[in-house]
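Observations on chain architecture
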Amino acid sequence: MSDTIIKKVCVIGAGTMGAGIAAQVANAGVPVLLLDIVPKDATNRNVVAEGAVAKMLKTEPAPFMSKSAAKLVETGNIEDHLDKVAECDWVIEAVIERLDIKQGLYAKLEAVKRDGTAVSSNTSTIPLANLVEGRSDAFKRDFLITHFFNPPRYMRLLEIVTGPATDAVVAAKVERFADISLGKTVVTAKDTPGFIANRIGTYWIQLGLNAAFDMGITVELADAIAGKPMGVPKTGIFGLVDLVGIDLMPHLQASLTSTLPAGDLYHGIARDIPLINKMIGEGYTGRKGKGGFYRLNKEAGRRKETIDLQTGEYRPTITAQGPRGAASRGDLKALVESKGEIGAYAWAVLGATLAYAASLVPSAADDVVAVDDAMKLGYNWKAGPFEMIDKLGAKYLAERLAAEGKAVPEILTVAGDRTFYRIENGKRQFLGLDGEYRDIVRPEGVMRLADVKLSSKPILKNASAALWDIGDGVVCLEFTGKMNALDGEVMKLIGQAIPLVAAQYKALVVYNDADTFSAGANLGLALFAVNIAAWGEIEKLVAGGQLAYKGLKYAPFPVVGAPAGMALGGGCEILLHCDAIQAYAELYCGLVECGVGLVPGWGGNGEMLDRWRKAPGMPKGPMPAVAKVFEMVSTAQVSKSAQQAREMMILRKDDGISMNRDRLLYDAKQKALSLVEGYTPPEAPEFKLPGAGGRTALGLAVEGFHKRGMATDYDVVVSGVLADVLTGGDEFDLVDTVSEGELLKLERDAFMGRLRDGRSVARVEHMLETGKPLRN
């Protein structure tokens, strides 16, 4: 039996995809060998792979979660270093989509790889049977397709295709590593052209392009209809094609038309569009070229322009009058029944796409769940095709297709007037092709709060938060407001939860299923209070937040923070008060209050000071930690990953990182349980602060940035207030021992002082209105 643990990976092909895959392996903390060809006349035989790594270190959004991860990438070339494959447990081929090149590489790999080392191709077009033609039975047992999506760090979908000879143990080894270490949701696909996501996605895109040209729909209106109202990214169809590259479309079309069976519906919509061919020929290939369906006209002051599909000429971009009312808010039936061109275009795209997706079960995917997961994770649709059909009505879709003389997929007939998903006995079920419902079974170690909610009621609940029993004596504190913003109701529920958990449970996890853990304090509520001069209420909120967070910190049970996505301001501060953090790898976390003219007011300053003064290698004395925290907080620094948050000391060395978002709650629960036995709350810290001298030193640094135009006049003011808090200002000096409570009062007074300043209020208003900081 082959070794079931992957300790080292080899990626062959250092193009955008191959290099990105290698980076994600390194992000997981696993060594990776990256190989590519030796260019003709190259003096550096490893230049392709080395250049790919160097490029990724400069790329935004970054393929590496930390620059230190790049050290795990060993570069080389196929001619000199292929024998190193013998050291690897998984080889990923990501070379050009040419069968002869891939097969030639596999012949070389077979001579050097160990038996049981998985070999997979990142192909999205070539059938597995063709890839392994001529290879030995032993090679075929170790071979599979692993189709990553670009960019590999950020796209969570991985489609896996196995052949009849693939060893189940080898496939399971790759799937488990991809799931737990690379953070992928693995969808099993059949060995059919385009697999699942690209087959449906390409069909959807082609439908949208065709319908817009045929119906005289503008680019802007098409994207306004086939974007947010359908529950897909706001780029819509034309914006998406610009993003991925217009020149990719003919290649995808050629691949699918040459490999799909003759009766496939794609053949009926595949066509050459003269305008697209002309755009490609002139270098208008999308964002990577001179522009695409949209462009920025540099000669007209970077004016945004859109191509006219009828004339082929660019014109100023217009704001389309898209769907209104329920049709704009996810009511798909209202959308396709809208009057005029909006409803006609919506039906032409959505109706045919859903019908096509329904026709692919079971030929391309075993069940509706696989199809829906593929489209949600591969194309960022909010709902998968069958979830959309549930919104539209399977019976409605079938009857409308039949009325137009179109084929009705078998699975729609099986569904009849039923839904593809239902809740039964507290479990989510899906409808099979046999007409029977089955439970959706999560992999071991996957836990979602949404599943918990199906079979239980909250222990506590108010307008902004809830407390859930997630089993084994652990409860989950969930924020529920818009962007999970924090307000007095959240603090009130925390106050209620602490004695309850202490009396009846073992531990508490702070978590929610949303993409944003918390955007911080509810600034809209604070602004309203400022406008009516409710200063007492604002101070009560600040003091209440401090009390709630310290209550969690010193509770007689362990508290684990489990953030994913953004954790800003107060959302970061609650994490700093937890006994431990189990973070999703994609964590964007920081104390950002200075960006809106405020300072952290819920204990974040003290918690960061305490972390940094204890950091290994930190010079002794009160100033080094103060300077480091001041640098981060005054510039509103935000981590771009959980690993960066660790480098910022938001996460400590014993805190954990979950690569797979779906495993975060389970991992956090296990961490909380591991802390229960013998748990004692931490001791309150005491501080030695540098006082007025330290404040002066920080002020000189800020003034230097101000003179170079890197800090505004008001940045200087806000930084000065922050410096007062961190150094003790005029209230404390080097000889004083400052208690945690005294530092909290400095914070509270500084926060209130800034909120009374009209310049801070202007920053808050601007952030709420535009989502961007005001540089006043």
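Cut-offs and rules
- Residues numbered from 1 in each chain as written.
- Predicted model: local features only at pLDDT ≥ 70, side-chain atom pairs only at ≥ 80, totals over all residues.
- Heavy atoms only, no water.
- Helix = DSSP H or I, 4+ residues; strand = E, 2+ residues; numbered from the N terminus.
- Buried < 20%, exposed > 50% of the residue type's maximum accessible area, 1.4 Å probe, protein only.
- Contact = heavy atoms within 4.5 Å.
- Pairing = 2+ DSSP bridges.
- Core = buried A, V, L, I, M, F, W, Y, C linked by side-chain atoms within 4.5 Å.
- Phe/Tyr/Trp six-rings, centres within 6.5 Å; stacked < 30°, edge-to-face > 60°.
- Polar contact = N/O pair within 3.5 Å; in protein donor to acceptor, adjacent residues only side chain to side chain.
- Patch = residues over 30% accessible without salt bridge, like charges linked within 9 Å, V, L, I, M, F, W, Y side chains within 5 Å.
- Areas by Shrake-Rupley, 256 points an atom, 1.4 Å probe, with all protein chains shown as cover.
- Salt bridge = Lys/Arg side-chain N within 4 Å of Asp/Glu carboxyl O.
- Disulfide = S-S within 2.5 Å.

1. Examining the side chain of Thr285
- Within the secondary structure, Thr285 is located in the loop between helix 13 (274–281) and strand 9 (294–297).
- Owing to a relative accessible area of 11%, Thr285 belongs among the buried residues under this scheme.
- Every residue in contact with Thr285, bar those within four places of it in the chain, is listed here: Asp242, Gly245, Ile246, Asp247, Ile280 and Gly291.

2. Some remarks on the pairing of strand 21 (residues 580–584)
- For strand 21, a buried count of 5 out of 5 residues is recorded, marking the element as mostly surrounded by other parts of the structure.
- Because side chains alternate across strand 21, one face comprises the buried residues Ala580, Gln582 and Tyr584, and the other comprises Ile581 and Ala583, equally buried.
- Of the strand pairs in this sheet, strand 19 (residues 559–561) and strand 21 are connected by 2 bridges, and their pairing is parallel. Pairing of Gly561 across the sheet is with Ile581, part of strand 21.
- Of the strand pairs in this sheet, strand 21 and strand 23 (residues 656–658) are connected by 3 bridges, and their pairing is parallel. What sits directly across from Tyr584, in strand 23, is Ser658.

3. Structural notes on the nonpolar core
- Counting residues in hydrophobic clusters, the biggest one holds 117 residues, and the most contacted among them are Ile12, Leu109, Phe238, Phe293, Tyr345, Phe386 and Phe420.
- Considering each element in turn, this core owes the most residues, 12 residues, to helix 15 (residues 340–359).
- Those residues within four positions of Ile12 in sequence are excluded, and the remaining contacts are Leu35, Ile78, Leu82, Val91, Ile92, Glu93, Ala94, Val95, Leu105 and Leu109.

4. Considering the packing of aromatic side chains
- Enumeration according to the criterion identifies 12 aromatic pairs in this entry.
- Between the aromatic rings of Trp204 and Trp381, the centroid separation amounts to 5.2 Å while the plane-to-plane angle is 75°, which identifies the pairing as edge-to-face. Taken together, the residues span a long stretch of sequence, with Trp204 in helix 8 (residues 197–215) and Trp381 in the loop between helix 16 (368–378) and helix 17 (385–392) at a distance of 177 residues. The residues Trp204 and Trp381 share a single accessibility class, namely buried.

5. Concerning the environment of Tyr314
- Tracing the chain through its elements places Tyr314 in strand 11 (residues 314–316).
- Judged by relative accessible area, which is 18%, Tyr314 ranks as buried.
- Measuring from C-alpha to C-alpha, the distance between Tyr314 and Asn380 comes to 29 Å, with 66 residues separating the pair along the chain.
- Leave out the neighbours within four places in its chain, and Tyr314 touches Met279, Tyr284, Gly291, Gly292, Phe293, Arg295, Glu305, Thr306 and Ile307.
- Within polar-contact distance, the side chain of Tyr314 engages the backbone oxygen of Gly292 at 2.5 Å.

6. Focus: a nonpolar patch on the surface
- A contiguous nonpolar patch, built from Leu243, Val244 and Leu248 and spanning about 240 Å² of accessible area, is present on the exposed surface.
- Along the chain, Leu248 turns up in helix 11 (residues 248–259).
- Of the residues examined, Leu248 reaches a relative accessible area of 36% and is grouped as partly exposed.

7. Focus: the environment of Gln582
- The topology assignment puts Gln582 in strand 21.
- When the C-alpha positions of Gln582 and Asn380 are compared, they lie 25 Å apart, and in sequence the two are 202 residues distant.
- Setting aside anything within four residues of it in sequence, one finds Gln582 in contact with Val560, Gly561, Ala562, Pro563, Gly656, Ile657, Ser658, Leu664, Asp667, Ala668 and Lys671.
- At 2.9 Å, the side chain of Gln582 and the side chain of Ser658 are in polar contact.

8. Looking at the pattern of salt bridges
- On inspection of all chains with the given rule, the structure shows 49 salt bridges.
- For Arg438, the salt bridge identified is with Asp434, shortest N-O distance 2.4 Å.
- Overall, the relative accessible area of 48% leaves Asp434 in the partly exposed class.
- For Lys669, the salt bridge goes to Asp472, with nearest N and O atoms at 2.8 Å. Taken together, the residues Lys669 in helix 28 (residues 664–674) and Asp472 in the loop between strand 16 (465–469) and strand 17 (474–479) connect sequence positions 197 residues apart.
- Ionic contacts of the salt-bridge type, sharing partners, join the residues Lys8, Glu74, Lys84 and Glu87 into one network.

9. Concerning the environment of Glu97
- Among the structural elements, Glu97 can be located in the loop between strand 4 (90–93) and helix 4 (99–112).
- Judged by its relative accessible area of 36%, Glu97 falls in the partly exposed class.
- For the pair Glu97 and Thr123, spaced 26 residues apart in sequence, the C-alpha separation works out to 6.8 Å.
- Apart from residues lying up to four places away in sequence, Glu97 is in contact with Lys102, Thr123, Ser124, Thr125 and Ile126.

10. What to know about the state of the cysteines
- Scanning the entire structure with this criterion turns up 0 disulfides.
- Cysteine Cys572 is unpaired, with the sulfur of Cys589 as its nearest cysteine sulfur at 3.5 Å.
- Owing to a relative accessible area of 0%, Cys572 belongs among the buried residues under this scheme.

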